Amino acid sequence: MRFGMPWPGRDVGREAEQAGVEAFCAGEFADHDAYLTVADIVANTERALAGPAIAYAFARTPYAHATALRQLHAQAPGRLFLGLGSAAFRINRDWLGVPAERPVARIADTVGAVRAWLHAENGERVRYAGEFHHLDAAVRAPVLGRLDIPVLLAAFNARMAATAGRVADGVVGHGLFTGSWWNEVVRPAVARGASDGDGEGDPAGTRPLEHGWIITAVDDHAPERAIADARRMIAFYLTVRTYDPFVAHHGWEEPVARLRDAFRAGDTDAMVRAVTDDMLTGIAVCGTTADAKDALARRAGSLPRDIGYFAAPSFMVSRGRRAAYARAALALIGALPDPA
């Protein structure tokens, strides 16, 4: 597994690349745009891979995703990847004002349309006919040319993971993922999808790519606070019912019910207390540097096989503390498990 992290800003980012970080990713929310962040990454790094992980798939047209990547490719050829996520139903409906139904079928069609633009050659019409997207564009300017940029899908549950295996180049795993969830749910689903696909997402016949976020909070001076921040991040994620199959898979229904009650009451301390030690050790890398290295050794083989993004907790954590966590995580580079 190669060491990556969400973009920590240009100062920490430059330091991180020099220390050996091989990939940076950009998330997306109401206060930050994935492609603007990727532009900052490529402008302030020299070698590292860069891409959204993830961009909201339906917030833009396939054309907009592809043109952003083409412009970025001019600055960072061979360094880009594209991670797309369907986003939550309410985000699509209430924030973005776009259709929210049938997200799995819709994102599969979006991948096809984005690829039509990325694979377009000069002098050829850009054509694509899918259920949701129809393209027939004559671009009468020499600005195209095929770009083979890997496309990954944020895939939490089995159906989306199978779709990633079928239509994309791989998956982006969530920060909640455990070894059990990777090995018993996600990887088998991706493999089923890949066996059903047409080879478009994997022309070389290699296994699908695995990127994934890993909740990481390391602080040798205040390990208890780092552990509490990791617990709080886990609790915040688990307030979302999309993850109920994951909760049931691990038998965590009772603590999750408690943390959701605490969330509704606005009691973040009770949310932290509801996250069990079993949940913490299965999901996060946290505590002292020694604790974190032990966690990585214990989880060898259950982390994303290609790139793991060591991500500082963000829920109720200041920018300064997130930057400190990013710097502290650099001490883990030599402790990463060998690729599976």
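This section reports on the structure supplied with the text. (Residues numbered from 1 in each chain as written. Predicted model: local features only at pLDDT ≥ 70, side-chain atom pairs only at ≥ 80, totals over all residues. Heavy atoms only, no water.)

## Digging into the packing of aromatic side chains
Put simply, the test is: By convention, a stacked pair of Phe, Tyr or Trp rings (six-membered ring in the case of Trp) has centres within 6.5 Å and planes under 30 degrees apart, an edge-to-face pair has planes over 60 apart, and any other such pair is tilted. Helix and strand definitions here come from DSSP, where helices need a minimum of 4 consecutive H or I residues and strands a minimum of 2 consecutive E residues; each element is numbered from the N-terminal end. Only protein chains enter the accessibility calculation, which uses a 1.4 Å probe; a residue whose area is less than 20% of its type maximum is buried, one above 50% is exposed, and one in between is partly exposed.
All told, the structure shown has 14 aromatic pairs when counted by the stated rule. Ring centres of Phe3 and Phe310 lie 4.6 Å apart, and the angle between their planes is 5°; this geometry places the pair in the stacked category. One end of the pair, Phe3, is in strand S1 (residues 2-6); the other, Phe310, is in strand S12 (residues 307-311), and 307 residues separate them in sequence. Phe310 gets classed as buried once you look at its relative accessible area, which sits at 2%. Taking the centre distance of 5.5 Å and the plane angle of 75° together, the rings of Phe156 and Phe246 count as edge-to-face. A residue pair is termed long-range when its members are at least 10 positions apart, and Phe156 in the loop between strand S8 (151-154) and helix H6 (158-167) and Phe246 in helix H9 (residues 244-250) qualify at 90 residues. Residues Phe156 and Phe246 agree in their burial class; the two are buried. Joined through ring pairs, the aromatic side chains of Phe156, Phe177, Trp181, Trp182, Tyr243, Phe246 and Trp252 make up one cluster.

## Observations concerning the pairing of strand S9 (residues 170-173)
Formally: One bridge is not enough; two strands pair if DSSP finds at least two bridges between them. With its strands directed away from the observer, a crossover is right-handed exactly when the path from the first strand over the helix to the second travels clockwise.
Looking at chain direction, S8 and S9 are connected through 3 bridges and run parallel. Bridge assignment links Leu152 to a residue of S9, and that residue is Gly170. Handedness of the β-α-β unit built from S8, H6 and S9 comes out right-handed. Two strands pair when backbone bridges link them, and S9 and strand S10 (residues 209-218) are joined in this way by 4 bridges, in the parallel orientation. Paired with Val171 across the two strands is Glu210, which belongs to S10.

## Details of the packing of helix H5 (residues 103-118) against H6
Note the threshold: Helix axes use the C-alpha atoms of the stretch in contact, all axes being lines fitted to C-alpha atoms, and the angles between their N-to-C directions lie in the range 0 to 180 degrees. When describing relative orientation, an angle under 35 degrees is termed roughly parallel and one over 145 degrees roughly antiparallel, while 65 to 115 degrees is termed roughly perpendicular and anything else oblique. Should the near helix be turned counterclockwise from the far one by less than a right angle, the crossing is left-handed, whereas a clockwise turn marks it as right-handed. The contact criterion used throughout is that any non-hydrogen atoms of two residues lie within 4.5 Å. Any residue outside Ala, Val, Leu, Ile, Met, Phe, Trp, Tyr, Cys, Pro, Asp, Glu, Lys and Arg is labelled polar, Gly included; the first ten of those are nonpolar and the last four are charged.
Between H5 and H6, the shortest axis-to-axis distance is 10 Å and the interhelical angle comes to 20°. When the interaxial angle is binned, H5 and H6 end up roughly parallel. In terms of crossing hand, the pair formed by H5 and H6 is right-handed. Contacts between H5 and H6 involve Pro103, Val104, Ile107, Ala108, Val111 and Arg115 from the first element and Arg159, Met160, Thr163, Arg166 and Val167 from the second. Class assignment of the residues belonging to the contact of H5 with H6 gives a composition of 7 nonpolar, 1 polar and 3 charged.

## Digging into helix H2 (residues 34-43)
Here is the rule: N or O atoms closer than or at 3.5 Å make up a polar contact, with two conditions inside protein: a donor-capable atom paired with an acceptor-capable one, and, for residues adjacent in sequence, both atoms drawn from side chains.
Taken across its 10 residues, H2 has 7 buried, putting it largely inside the fold. For H2, the full list of buried residues reads Ala34, Tyr35, Thr37, Val38, Asp40, Ile41 and Val42. Against helix H1 (10-19), strand S2 (23-26), strand S3 (49-52), strand S4 (55-56), helix H3 (62-75) and strand S5 (82-85) lie the buried residues of H2. Backbone nitrogen of Tyr35 and a side-chain oxygen of the N-cap are separated by 2.9 Å at the start of H2; the cap is Asp33.

## Points about the state of the cysteines
The line we're drawing: Disulfides are defined as pairs of cysteine sulfur atoms found within 2.5 Å of each other.
The final tally for this structure, using the stated rule, is 0 disulfides. With no disulfide of its own, Cys25 has Cys286 as its nearest cysteine by sulfur position, at a separation of 19 Å. According to the relative accessible area criterion, Cys25 is buried, its value standing at 1%.

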